[in-house]
Every structure is written in structure tokens, then in C-alpha cells.
Amino acid sequence: MDISVGKRVFILENDADCRSRIISLLESEGFEIAGAYGLQQGEKILHSTPVDLVMMAVNWLDLQLMERLELLREQHFHHRTPVILMMHFSNVREFSPDIQSMQCELLLKPFLKKELLSCITGVIPDFQPSGLQAK
């Protein structure tokens, strides 16, 4: 049985095209998707729903990202939930001092399918993507 089946991924991304691309790719790998366009809606979902992976775009989030991640991890069902931060290369400097202490993976935009699946494999070690060789 594929390890992704039954795994739930939460995606917080305000770019509709990027969000649709990620959702389509992850659904094709067997993941269940929960997601939000905005931070308030996203926080409501995360406060009420356990997920196996959180993917957050940080180019548009406020600079209180660390505080928000700490609040997320205070919830018993998100304490060990892996987080992948998605950001454009130009935003890395803005967040670079804090990234190390966030205990998150970093995925630079724009990314290819192969890069996304590799990043997920890094945080969910037993995940074996079917399309790792794909573009």
C-alpha cells in the first residue's frame, strides 16, 4: 500500500495557480488535501483538523511566522507535524535568520514536481512518490 494514501496535506497558498498545481500533483500521488487561500481560514482549519504535512507560502505571510508555527505546534495533534515553507528566492533574506530555528524544510519557488516530491520525501521518509522522475 502506498504511504501517501490517507495522508492529509494542508496547503496555505494565496497564488491560485500555484495552489492548483500543488493540489493536482499531490492528489495524483494519493494525498488528501486541505487548504486555504488566506491566513485566517487556514488557522481555523489547522486548529480543528489533524494533518500529516503543512505546506505554507511565506512570501505573503506576516513576519510573525515563527509565532504562528509555535502556536500550531502547541496543539497536541500538530506537535510533530512536518512543515514545508515555500518561498521565492528573493524572500529568503527576509526570513533567513529565523528559518534555522523553525525546524522546517524550505522549498524555493518556482519549483518542479521532482523538487516538491523530493522535499516531501525528506519530511515523510517512507513516502515513495510515483512521479519522482517527472518534470
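Residues numbered from 1 in each chain as written. Predicted model: local features only at pLDDT ≥ 70, side-chain atom pairs only at ≥ 80, totals over all residues. Heavy atoms only, no water.

Undergrad: Outline the nonpolar core, supporting the account with residue identities and numerical values.
TA: Membership of the largest hydrophobic core comes to 21 residues, with the highest contact counts inside it found for I22, L26, M55, I84, L116 and I120. Elements supplying a minimum of two residues to this core: strand 1 (8-12), helix 1 (16-28), strand 3 (53-57), strand 4 (83-88) and helix 5 (113-123). Top element by residues in this core is helix 5. It accounts for five residues. Excluding residues within four positions of it along the chain, M55 makes contact with V9, F10, I11, L12, I22, L26, I84, M86 and L116. Counting residues in hydrophobic clusters, the runner-up holds 15 residues, among them A34, L39, M56 and L85. (Core = buried A, V, L, I, M, F, W, Y, C linked by side-chain atoms within 4.5 Å. Buried < 20%, exposed > 50% of the residue type's maximum accessible area, 1.4 Å probe, protein only. Helix = DSSP H or I, 4+ residues; strand = E, 2+ residues; numbered from the N terminus. Contact = heavy atoms within 4.5 Å.)

Undergrad: Account for the packing of helix 1 against helix 5, with residues named and values stated.
TA: Where helix 1 contacts helix 5, the axes come no closer than 11 Å and their chain directions differ by 65°. The two elements helix 1 and helix 5 cross, and the hand of that crossing is right-handed. Along its contact with helix 1, which presents R21, I22, L25 and L26, the element helix 5 presents K113, L116, L117 and I120. Tallied by class, residues from the contact of helix 1 with helix 5 come to six nonpolar, no polar and two charged. (Axes fitted to C-alpha atoms, helices over the stretch in contact; angles between N-to-C directions. Left-handed = near helix turned anticlockwise from the far one by under 90°. Nonpolar A, V, L, I, M, F, W, Y, C, P; charged D, E, K, R; others polar.)

Undergrad: Break down helix 1 for me, citing the residues and quoting the values.
TA: Structurally, the α-helix is built with 3.6 residues per turn, so residues lying three or four positions apart point the same way. The end-to-end C-alpha distance of helix 1, which contains 13 residues, comes to 18 Å, matching closely the 18 Å that a straight helix rising 1.5 Å per residue would cover. Those residues of helix 1 not exposed but buried are C18, R19, I22, L25 and L26. Down the axis of helix 1, the buried side of the element spans an arc of 135°, and every buried residue falls inside it. Of the surrounding secondary structure, the elements contacted by the buried residues of helix 1 are strand 1, strand 2 (32-36), strand 3, strand 4, strand 5 (105-109) and helix 5. Once helix 1 ends, the next one or two residues include G30, with phi positive near 100°. (Expected span 1.5 Å × (residues − 1). Arc of directions from axis to C-beta.)

Undergrad: Please give an account of the sheet that holds strand 1 that cites residues and values.
TA: Sheet architecture is open: five strands sit in the order 2-1-3-4-5, paired in parallel fashion. A single partner strand is all that each edge strand has here, and the edge strands are strand 2 and strand 5. Neighbour-to-neighbour, the strand axes of the sheet open up by a mean angle of 20°, direction not taken into account. Alignment of strand 1 against strand 2, held across five bridges, turns out to be parallel. Within strand 2, the residue paired with L12 across the bridge is A36. Where helix 5 meets the sheet, it contacts strand 3, strand 4 and strand 5, and its direction lies at approximately 175° from that of strand 5. (Pairing = 2+ DSSP bridges.)

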